[in-house]
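Each chain, letter by letter, is given below.
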Amino acid sequence: MSSYNPRLGEGKQPLYGKMVPFGDPAWYRGQNSPYYKETHHAWRAKIRAFCESELMPYCKEWDDEKKLPDDLLRKCFEAQILPASCGGKWPTEYVGPGPENFDAFHELIMIDELSRCGSGGVMWGIMGGLAIGLPPVLLFGSKYLKDMVAADCLRGDKRICLCITEPTAGSDVANLKCTAVKDPSGKFYTVNGEKKWITNGIMCDYFTVAVRTGGPGHEGISMILIDKSMPGVKCRQMDCTGVWASGTTYITFDDVKVPAENLIGKEGHGFRYIMYNFNHERWMLVGQAVRFARVCLEESVKHALRRKTFGKKLIEHPVIRFKIAEMARQVEATQAMLESLTYQMMTMSKEEQNLKLGGDTAMLKVQATKVYEYCARESQQILGGISYVKGGLGEKVERLGREVRAYAIPGGSEEIMLDLSVKQAMKLSKVLKSKM
């Protein structure tokens, strides 16, 4: 038998947070977990303090202004948030040392704790461009490109985003139309085309752009780094339903001359580079969606504990407890799936992840966004009229209700993700059987 003798209610994890029922993941409530160590506890406290002092009080203001303040990213760097958002190892060579034994659970905690702000626009504004725009450069770019952008972007001095989606090509990446034609001299590419729904585009200095350098299909796709200051680049902020502070942008490239040295990796390998990072992008969206669902749940519980109807508190009505329980069972189950997937990411090579986790990640994205959508609706029912007003007690629920579609569609729509999950499962089954 184990000699471990925990104090009542704590187990192997210290109690943390305000103990609002279901307001935080189970390990905050003292449930045992093999995933989290002391370094994670310290990191959690640091990120929560940053969120509560630097983000929560200002989300509505930034949403209304449809932009983040100029100094916020620098603050995020100083809090070690930006370097923690790109997946993989800590980028020591560009930003110095990070948290002790940094791993995928540090990144998950960072995403989870910051998402308590209840704003997809703020979350995407901080890391939506960097987390998907910089990794292709870090993983496949030349030393020249890395030296050009990595340190500045990770430190919050410059911004970078990923440009894949087009007016006629979203999930269908292999059929994008934006072209990059190499000059006969071989010194530059001429880029023409359009990109749409580009997160952070209006505020970025650099664009990691998927272009067609060859024939039709995925084999003709490459990636190239474009500087916003290059002649022929035009950006227009789009007026979307939600995520306002993230700067969703329509970008046009009109005969933009880009130095050949700005090619990321090799010609014709762009599709592979895009797919290589999709799991991490979807995992980040899952982490945000799960916490947003939990925010809706937490706000519902807090409201039910203070609001009275028909002579008693809402929480005393069985129908309200039923709604809370329905939200809680889905949130807690999805959180467990997320932590399990995170452990796989942490213990597998990138190649093994891409082989084994693509389908699971796609399926979990659907699970998370559907749970988020359910909790957004149910929390609005519990909060009633205050969830229909911007600001005040219902601020988070009102905003999150508008932003559901921004999670269900980007990064792969639910229909595409479910289809992909089955295809990947069938493919993986054949591979694994061949190794038995």
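Residues numbered from 1 in each chain as written. Predicted model: local features only at pLDDT ≥ 70, side-chain atom pairs only at ≥ 80, totals over all residues. Heavy atoms only, no water.

**Overview of the overall build of the protein**
Here is the rule: Think of it this way: any DSSP run of H or I at least four residues long counts as a helix, any run of E at least two long counts as a strand, and we number them from the N terminus. In this setup the radius of gyration rests on C-alpha atoms only. A globule is expected at 2.2 Å times the number of residues raised to 0.38. Throughout this description, buried means an accessible area under 20% of the type-specific maximum (1.4 Å probe, protein chains only), exposed means over 50%, and partly exposed covers the range between.
Summing up its helical and strand segments, the protein has 16 helices and 10 strands in all. A compact globule built from 436 residues would reach a C-alpha radius of gyration of about 22 Å, and the protein, at 22 Å, matches this within 12%. In terms of overall dimensions, the protein has C-alpha extents of about 80 × 55 × 40 Å along its principal axes. Considering the protein as a whole, with its 436 residues, one finds that 55% of them fall into the buried category.

**Side note on the state of the cysteines**
What counts, and what does not: We call a pair of cysteine sulfur atoms a disulfide whenever their separation is within 2.5 Å.
For the coordinates displayed, the defined rule picks out 0 disulfides. With no disulfide of its own, Cys153 lies closest to Cys204 among cysteine sulfurs, the gap being 7.8 Å.

**What about helix α6 (residues 120–127)?**
For α6, the buried fraction is high: 8 of the 8 residues fall into the buried class. The set of residues buried in α6 consists of Gly120, Gly121, Val122, Met123, Trp124, Gly125, Ile126 and Met127.

**A word on unusual backbone geometry**
Despite not being glycine, Trp197 has its phi angle at roughly 60 degrees, a positive value. Topologically, Trp197 is positioned in strand β3 (residues 188–198).

**A word on the nonpolar core**
Our working rule: Note on terminology: a nonpolar core comprises buried Ala, Val, Leu, Ile, Met, Phe, Trp, Tyr and Cys residues joined through side-chain atoms within 4.5 Å. We call two residues in contact whenever any of their non-hydrogen atoms come within 4.5 Å of each other.
Counting 104 residues, the largest nonpolar core has Leu55, Ile81, Leu114 and Ile126 as its most contacted members. Ranked by residue count, the leading element in this core is helix α10 (residues 270–306), at 17 residues. Setting aside residues up to four positions removed in sequence, Ile81 forms contacts with Ile47, Phe50, Cys76, Met110, Leu114, Ile126 and Met127.

**Some points on the pattern of salt bridges**
Threshold: In what follows, salt bridge is the name for a side-chain nitrogen of Lys or Arg lying within 4 Å of a carboxyl oxygen of Asp or Glu.
With the rule as written, the count across this model stands at 26 salt bridges. Salt-bridge contacts for Arg48 lead to Glu113; the nearest nitrogen and oxygen are separated by 2.8 Å. A residue pair is termed long-range when its members are at least 10 positions apart, and Arg48 in helix α1 (residues 38–55) and Glu113 in helix α5 (residues 104–114) qualify at 65 residues. Judged by its relative accessible area of 0%, Glu113 falls in the buried class. Residue Glu378 is joined to Lys323 by a salt bridge in which the shortest nitrogen-to-oxygen separation is 2.9 Å. Here Lys323 lies in helix α11 (residues 318–347) and Glu378 lies in helix α13 (residues 358–383), a separation of 55 residues in the sequence. We classify Glu378 as buried; its relative accessible area is 7%. Look at Lys323 and you get buried, because its relative accessible area is 18%. Three or more residues joined by partner-sharing salt bridges are found here, namely Asp24, Arg48, Glu52, Asp112, Glu113, Arg116 and Arg291.

**Considerations on the packing of aromatic side chains**
Going by this rule: When two rings of Phe, Tyr or Trp (its six-membered ring) have centres within 6.5 Å they constitute a pair, described as stacked for plane angles under 30 degrees, edge-to-face for angles over 60, and tilted for the intermediate range. Note on criteria: charge over ring means Lys NZ or Arg CZ within 6 Å of the ring centre, with the direction from the centre no more than 35 degrees off the ring normal.
Under the counting rule described, the total for this entry stands at 16 aromatic pairs. Between Tyr16 and Tyr28 the ring centres are 5.8 Å apart and the planes differ by 65 degrees, which places this aromatic pair in the edge-to-face class. Of this pair, Tyr16 sits in the segment before α1 while Tyr28 sits in the segment before α1, and the two are 12 residues apart along the sequence. A relative accessible area of 1% places Tyr28 in the buried class. When the centroid spacing of 5.2 Å and the interplanar angle of 45 degrees are considered together, the rings of Trp124 and Tyr407 count as tilted. With Trp124 in helix α6 and Tyr407 in helix α15 (residues 405–408), this pair connects stretches of sequence that are 283 residues apart. Pair check on accessibility: Trp124 and Tyr407 agree, each one buried. Put simply, the rings of Tyr16, Trp27, Tyr28, Tyr35, Tyr36, Phe105 and Tyr343 touch in pairs and so form one group of aromatic residues. The residue whose ring lies beneath Lys66 is Trp244, and the NZ or CZ to ring-centre distance is 5.5 Å.

**Regarding the side chain of Glu398**
Note that Glu398 resides in helix α14 (residues 395–403). For Glu398, a relative accessible area of 10% corresponds to the buried category. In contact with Glu398, not counting residues within four places along its chain, are Ser387, Tyr388, Val389 and Lys390.

**Some thoughts on the side chain of His280**
For His280, the location among the structural elements is in helix α10. Classification of His280 by relative accessible area gives buried; the value is 5%. Discounting chain neighbours no more than four positions away, the residues touching His280 are Ser85, Cys86, Gly87, Glu107, Ala131 and Lys350.

**Observations regarding the packing of α13 against α14**
To keep it simple, the criterion reads: Axis angles are defined between N-to-C directions and span 0 to 180 degrees, where every axis is a line fitted to C-alpha atoms and, for a helix, only to the segment in contact. Crossing handedness: left-handed means the near helix sits turned counterclockwise from the far one by under a right angle, and right-handed means the same turn made clockwise. Only Asp, Glu, Lys and Arg are considered charged, only Ala, Val, Leu, Ile, Met, Phe, Trp, Tyr, Cys and Pro nonpolar, and every remaining residue, Gly among them, polar.
Close contact between α13 and α14 brings their axes to 9 Å; oriented N to C, the two are set at 145 degrees. The way α13 lies across α14 gives a crossing that is left-handed. For the pair α13 and α14, contact is made by Tyr372, Ala376, Ser379, Gln380 and Leu383 and by Val397, Leu400, Gly401 and Glu403, respectively. Split into classes, the residues belonging to the contact of α13 with α14 amount to 5 nonpolar, 3 polar and 1 charged.

**A closer look at the pairing of strand β5 (residues 221–227)**
Our working definition: Between any two strands, at least two bridges found by DSSP are needed for them to pair.
Within β5, 6 of the 7 residues are buried, which leaves the element mostly enclosed by the surrounding structure. Two elements, strand β4 (residues 206–212) and β5, share 7 bridges in a ladder whose sense is antiparallel. Within β5, the residue paired with Thr208 across the bridge is Leu225. Summarising the sheet, β5 and strand β8 (residues 263–264) pair through 2 bridges and their orientation is antiparallel. Directly across from Ile224, in β8, lies its bridge partner Leu263.

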